[in-house]
Amino acid sequence: MSLSSNGKVHSVDANGDVQKPFKIFVGYDPREDIAYQVCRRSLLKRASVPIEISPIVQSDLRKEGLYWRERGQLESTEFSFTRFLTPYVANYEGWAMFVDCDFLYLADLKELTDLIDDKYAIMCVQHDYTPKETTKMDGAVQTIYPRKNWSSMVLYNCGHPKNKVLTPEVVNTQTGAFLHRFQWLEDDDIGTIPFVWNFLEGHNKVVENDATTFPKAIHYTRGGPWFDAWKNCDFADLWLNEMEEYIKEAKKKAEN
């Protein structure tokens, strides 16, 4: 297995053929570039399957004519709606994952892709979550709505007929409720993933002596250690350690 400069991990099978990488699209916001870099690194560092990581950058999508929606007052990040272009940018082929940039992966992504079931259009952690805070991140308004955080990490069956609905036209014109609550799907189309793959910092808890409750992916949904106000949040040390390793690697790479 080898890592290429563009964020791909390649793997060769027994016949010597390069395996097609699993596509991962990470929400990108210029205010949280370091969060994106650390999330990306944590995925690449632990993956034992070939993966390809691409940021979903709103400005690039606008230049390509794929995104023209005006930003609403309740959109806390630039990828609040661009995330739903995942099946489109994956050419409606195979499975792909969208994930917010404020995640830190602690486990091998293979463990997650092994859960994929082709009978579903999407799979996600189905949180029952009502935030206590009125603000998050750098002062952004904390909104409350059904199925909150379900769309923050989603495995998309991009080739599923029902996901063909997610065209740029629909993503740019449909309501937040339609998109974030997956209203283009029936409930039976949505598969469940264990909560440890979208472990909400400050909400989900690790149960002592129960390894099944320890996070495989931490979601710093209230705000992460890259914001001064959240430097002492739960699991901050894990994220900061990963950041330090990223900075050391980036510095070494720049010197060579």
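Criteria and thresholds
Residues numbered from 1 in each chain as written. Predicted model: local features only at pLDDT ≥ 70, side-chain atom pairs only at ≥ 80, totals over all residues. Heavy atoms only, no water. Salt bridge = Lys/Arg side-chain N within 4 Å of Asp/Glu carboxyl O. Helix = DSSP H or I, 4+ residues; strand = E, 2+ residues; numbered from the N terminus. Buried < 20%, exposed > 50% of the residue type's maximum accessible area, 1.4 Å probe, protein only. Core = buried A, V, L, I, M, F, W, Y, C linked by side-chain atoms within 4.5 Å. Contact = heavy atoms within 4.5 Å. Pairing = 2+ DSSP bridges. Phe/Tyr/Trp six-rings, centres within 6.5 Å; stacked < 30°, edge-to-face > 60°. Right-handed = clockwise from strand over helix to strand, strands pointing away.

The protein chain is annotated in an unreviewed UniProt entry as Nucleotide-diphospho-sugar transferases superfamily protein from Tripterygium wilfordii.

Asks: Would you mind showing me how to read the pattern of salt bridges here?
Replies: Any two side chains of opposite charge can pair if their charged atoms end up close together. One pass over the full model with this rule turns up 13 salt bridges. Ionic pairing is found between Glu 249 and Arg 41, a salt bridge with its closest N-O pair at 2.6 Å. Residue Glu 249 is located in helix H7 (residues 236-255), and its partner Arg 41 is located in helix H1 (residues 33-46); the two are separated by 208 residues in the primary sequence. Taking the relative accessible area as the measure of exposure, Glu 249 reaches 45% and is therefore partly exposed. With a closest N to O distance of 3.1 Å, Glu 245 and Lys 45 form a salt bridge. Of the two residues, Glu 245 is situated in helix H7 and Lys 45 in helix H1; the sequence distance between them amounts to 200 residues. With relative accessibility at 32%, the residue Glu 245 sits in the partly exposed group. A residue is classified by how much of its surface remains accessible, and Lys 45, at 42% relative accessible area, is partly exposed.

Asks: What's the story with the nonpolar core in this structure? I'm lost.
Replies: If you look at soluble globular proteins, the nonpolar side chains tend to sit buried side by side. Formed by 73 residues in total, the largest nonpolar core has its most connected members in Ile 24, Ile 51, Met 97, Tyr 105, Phe 182 and Trp 197. No other element matches H1, which puts 6 residues into this core. Apart from residues no more than four positions distant in its own chain, Ile 24 is found in contact with Leu 43, Ile 51, Glu 52, Ile 53, Ser 54, Met 97, Val 99 and Leu 109.

Asks: I keep staring at the sheet that holds strand S13 (residues 217-219) and nothing clicks. Help me out?
Replies: Paired through backbone hydrogen bonds, the strands of a sheet run either parallel or antiparallel to each other. Pairing is mixed across the open sheet formed by 3 strands, whose spatial order is S6-S13-S12. What marks the edges here is a single partner per strand, and that holds for strand S6 (103-105) and strand S12 (199-200). Two elements, S6 and S13, share 3 bridges in a ladder whose sense is antiparallel. Bridging from a neighbouring strand, Tyr 105 pairs with Ala 217 of S13.

Asks: Would you mind showing me how to read the packing of aromatic side chains here?
Replies: Remark: the centre distance and the inter-plane angle together describe each pair of aromatic rings, the angle taken between the planes. Summed over the entire model, instances satisfying the criterion amount to 13 aromatic pairs. An angle of 55° between the planes, with centres 6.3 Å apart, marks the rings of Phe 79 and Phe 98 as tilted. Residue Phe 79 is located in the loop between helix H2 (58-63) and helix H3 (86-89), and its partner Phe 98 is located in strand S5 (residues 95-99); the two are separated by 19 residues in the primary sequence. Residue classification places Phe 79 among the buried positions, given a relative accessible area of 2%. Taking the relative accessible area as the measure of exposure, Phe 98 reaches 0% and is therefore buried. Taken together through their ring pairs, the aromatic side chains of Phe 84, Phe 178, Phe 182 and Trp 184 make up a single cluster.

Asks: Explanation requested: the pairing of strand S4 (residues 51-56) in the structure shown.
Replies: Two faces belong to every sheet, and in a regular strand the side chains alternate between them. Pairing between strand S3 (residues 22-27) and S4: 6 bridges, direction parallel. Directly across from Ile 24, in S4, lies its bridge partner Ile 53. Between the parallel elements S3 and S4, the chain passes through H1 in a crossover that is right-handed.

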